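Each chain is listed here by its residues.
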Amino acid sequence: MDQPIPYLDLPAQLRPLRKEIDAVIAKTLDNCSFCLGPDVVQFERDFASFCEAKHAAGFNSGTSALHVALLLLNVGPGDEVITTPHTFVATSWAISYVGARPVYVDIDDQTCTMDPKLVEKAITPRTKAIMPVHLYGHPCDLEPLLAICRKHNLPLVEDAAQAHGAKYKGKVVGTFGAVSGFSFYPGKNLGACGEGGALVTNSEAYATRARSLREHGSTQRYYHDEVGFNYRMEGIQGAVLGVKLKHLNQWTQARRHVANLYHKLLADTPLQLPHEAVWAESVYHLYVVRHPRRDALKKHLEEHKIGCALHYPLPLHLQKCYGSLGYKAGDFPVAEKAARECLSLPIYPELTDSQVQRVAQVIHKFFEG
Ligand SMILES: *Cc1c(COP(=O)(O)O)cnc(C)c1O
C-alpha cells in the first residue's frame, strides 16, 4: 500500500528548522520578552521590507489585524463594506466587529476573487470601504478595483491572509490599498507556532494608531486615548516568524513548482484547474480544482489515503450567522457554484514530485474508472 499523502504536512516544514527555532524560543524564555518585544520589532521591520511597505505591525491574529484595519478607516455602525462571499469567514468578521454590514458581490469564475465588474452596482451612500481577498494566494484584479475606489473616494482594504508575497503586475500585494491584513496561522504560507497576524500600510499615521489600538488604545502605559484591544503579537511568535521569513521566497518557489506539475499532469482531465491571470503571480496557498462530481472525487482520494479539503463549502451569504443580512440562494451564482465544485489538493513546499504524480494518477483513475 502506498504511503498516505497528508493534505498538509507541518512537521515536514518544522523538522529542518527545529534547532534554530528551539534556540530563538529559548532566547525569548531567557529574556522573558513575551508580549511584543525586540523579536517582534525586528520581524515587523523584516516583514514590512518583504512587502515593500513602510510599516508592518504585529498582531495576535489575521482576524484582529483586519478588524483594526477597518477601525483605522473609521468604518462603524450603519456603514457598509463591499466584500466577497467566497472566502474564509474572518474577512466578514472584521466588518461585523466594527458594527458595519458586509455587502457581497459575486466572484470571477476564473480566479475566484471579487469580480470588479459587479462592484459599482453595490455602492450606496453608506459604503465606506471595499475589501477584496487575494484568495488561494492569487491576487484579486486590483487595477479596476482601485479605479472604482478613486472614482467614489473609497479606501481599499486588502485581505492578504493567504497571499504573502503574491504579485500583481510584478509588485507584491499589501500596499495597493490603504491598509492590508496578513495571517500567520500555522497552515498559512508563513505560519507561526501559534496564532499571529500583521497589519501592513505605507501610512505612518495608520501604523501609529494600529500599534495603539492593538495595545489597549495606549501609547503611554496606563494612559488610554481610545477604547483599544489586547491584540499584541507574542514575543515567541515574532522570533519564530523571523526564522521562517528567511525561507519564504524559496518555499513560494517550491509551491509554484508543485502547482506547475499539477497543471501539467492534470491538463487532460475534466477538472477545472486554477487559472493564473496574466497580471498575477500566485503564491499558491491552495491548489483548488473544480468539478461537479467533487464529493465523489473527494471520497475517492480519501479512499486512496490522499488528504484534501474544501475552501469553502458554503458561501458567507448563506451562512447561518449572516441570515439576518437577508440574502438567499441564487444571489451569487458564481460563488455558489465554486462552493459546490471546489476541492483543494495537497500543496506545500515539501511535497515531492512523486507525491504529486501519485495524486494525479489517483485522479486519472477516478475519471477512467
Ligand atoms: C486565515 C484567514 C484569515 C484570518 O486569519 P487568522 O490569523 O486565522 O485570524 C482572514 N482571511 C482569510 C482569507 C484567511 O484565509
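What counts, and at which threshold
Residues numbered from 1 in each chain as written. Predicted model: local features only at pLDDT ≥ 70, side-chain atom pairs only at ≥ 80, totals over all residues. Heavy atoms only, no water. Helix = DSSP H or I, 4+ residues; strand = E, 2+ residues; numbered from the N terminus. Rg over C-alpha atoms; globule rule 2.2 N^0.38 Å. Buried < 20%, exposed > 50% of the residue type's maximum accessible area, 1.4 Å probe, protein only. Contact = heavy atoms within 4.5 Å. Areas by Shrake-Rupley, 256 points an atom, 1.4 Å probe, with all protein chains shown as cover. Near = heavy atom within 4 Å. Polar contact = N/O pair within 3.5 Å; in protein donor to acceptor, adjacent residues only side chain to side chain. UniProt positions renumbered as here; feature names shortened; annotations may be inferred. 1 Å grid on protein atoms, 1.4 Å probe; cavity = no way out; pocket = protein on both sides within 12 Å on 5 of 7 lines; lining within 4 Å. Points joined across faces, edges and corners; volume = space filled by probe spheres on them. Axes fitted to C-alpha atoms, helices over the stretch in contact; angles between N-to-C directions. Parallel < 35°, antiparallel > 145°, perpendicular 65-115°, else oblique. Left-handed = near helix turned anticlockwise from the far one by under 90°. Nonpolar A, V, L, I, M, F, W, Y, C, P; charged D, E, K, R; others polar. Core = buried A, V, L, I, M, F, W, Y, C linked by side-chain atoms within 4.5 Å. Domains from an automatic or database assignment. Buried area = accessible area lost by both parts, 1.4 Å probe. Salt bridge = Lys/Arg side-chain N within 4 Å of Asp/Glu carboxyl O.

**A short note on the overall build of the protein chain**
Part 1: In terms of helices and strands, the protein chain carries 13 helices and 12 strands.
Part 2: Over its C-alpha atoms the protein chain spans a radius of gyration of 21 Å, differing by no more than 12% from the 21 Å that the globule rule assigns to 369 residues.
Part 3: Projecting the C-alpha coordinates of the protein chain onto the three principal axes gives extents of approximately 70 × 55 × 35 Å.
Part 4: Each of the 369 residues in the protein chain was classed as buried or not, and the buried ones make up 57%.
Part 5: In the protein chain, of all internal contacts separated by at least 6 residues, the share reaching a separation of at least 24 is 71%.
Part 6: Entry remark: accessible area of the protein chain is about 15800 Å², with carbon and sulfur atoms responsible for 54%.

**Digging into the site of the ligand**
Part 1: Near the ligand you find 16 residues, and of these Gly62, Thr63, Asp159, Ser183 and Lys188 are the closest.
Part 2: At a separation of 2.5 Å, an oxygen atom of the ligand approaches a polar side-chain atom of Thr63.
Part 3: For the ligand, a nitrogen atom lies 2.8 Å from a polar atom in the side chain of Asp159.
Part 4: Here the ligand has 380 Å² of accessible area as a free molecule, and 93% of this is covered by the chains.
Part 5: Elements with a minimum of two residues in the shell around the ligand: α4 (62-72) and α5 (90-97).

**So, the UniProt feature "active site" (unreviewed entry) in the protein chain**
Part 1: According to UniProt, the "active site" (unreviewed entry) feature falls on Lys188.
Part 2: Other than its neighbours up to four places away in sequence, Lys188 contacts Ala161, Gln162, His164, Ser183 and His285.

**As for the layout of surface pockets**
Empty space among the atoms becomes visible once a probe the size of a water molecule is rolled across them.
Part 1: What the largest pocket holds in volume is close to 480 Å³.
Part 2: Looking at the largest pocket, it is lined by 25 residues, and the ones nearest its centre are Phe88, Tyr185, Lys188, His285 and Tyr312.
Part 3: Counting residues per element, the ones that place at least two in the lining of the largest pocket are α4 and α5.
Part 4: Element by element, the count of residues in the lining of the largest pocket is highest for α4, at 3 residues.

**Topic: the packing of helix α11 (residues 294-303) against helix α13 (residues 353-368)**
Part 1: The interhelical angle for the contact between α11 and α13, taken along N-to-C directions, is 130°, at an axis separation of 10 Å. It follows that α11 is oblique to α13 by the angle criterion. Along this stretch, α11 crosses α13, giving a crossing that reads as right-handed. Of the residues in α13, those in contact with Ala296, Leu297, His300 and Leu301 of α11 are Val362, Ile363, Lys365 and Phe366.
Part 2: Counted by class, the contact of α11 with α13 contains 6 nonpolar, 1 polar and 1 charged residues.

**Structural notes on the nonpolar core**
Part 1: Core analysis: the biggest nonpolar cluster contains 51 residues, and Phe47, Ile82, Ile130 and Phe184 have the highest contact counts within it.
Part 2: Once you skip the residues sitting within four places of it in the chain, Ile82 turns out to touch Val103, Val105, Met114, Val119, Ala122, Ile123, Thr127, Ala129, Ile130 and Met131.
Part 3: By size, the runner-up hydrophobic cluster in this structure holds 26 residues, among which are Ile5, Leu266, Tyr284 and Tyr348.

**Some details on unusual backbone geometry**
Part 1: Cis geometry is adopted by the peptide bond preceding Tyr312, which originates at His311 and carries an omega value of 5°.
Part 2: Examined against the element boundaries, Tyr312 turns out to sit in the loop between α11 and α12 (333-341).
Part 3: Look at Cys32: it is not a glycine, yet its phi comes out positive at around 55°.
Part 4: Along the polypeptide, Cys32 turns up in the loop between α2 (18-31) and α3 (38-50).
Part 5: Positive phi, close to 60°, is recorded for Leu36, a residue that is not glycine.
Part 6: Along the polypeptide, Leu36 turns up in the loop between α2 and α3.
Part 7: With a relative accessible area of 12%, Leu36 lands in the buried category.

**Observations regarding α12**
Part 1: Residues Ala335, Glu336, Ala338, Ala339 and Glu341 constitute the buried set of α12.
Part 2: Here the buried face of α12 lies against β11 (287-290), α11 and β12 (342-345).

**With respect to the domain arrangement of the protein chain**
Part 1: Per the domain assignment, the segments of the protein chain are domain 1 (10-245) and domain 2 (248-368).
Part 2: Relative to domain 2, the C-alpha centre of domain 1 lies at a distance of 24 Å.
Part 3: On the domain 2 side, the residues contacting the 46 residues of domain 1 number 35 residues.
Part 4: For the pair domain 1 and domain 2, the summed buried area comes to about 3600 Å², and 60% of that belongs to carbon and sulfur atoms.
Part 5: In terms of surface lost to domain 2, no three residues of domain 1 exceed Tyr104, Tyr136 and Asn189, which account for 21% of the buried area on that side.
Part 6: Counting across the domain 1 and domain 2 interface gives 2 salt bridges.
Part 7: Ionic pairing is found between Lys337 and Asp109, a salt bridge with its closest N-O pair at 3.8 Å.
Part 8: Counting every contact that joins domain 1 to domain 2 gives 22 residue pairs in polar contact (both at pLDDT 80 or more).
Part 9: Mapped onto the side of domain 1 that touches domain 2, the elements with two or more residues apiece are α1 (10-14), α5, β3 (101-104), β6 (167-168) and α9 (235-245).

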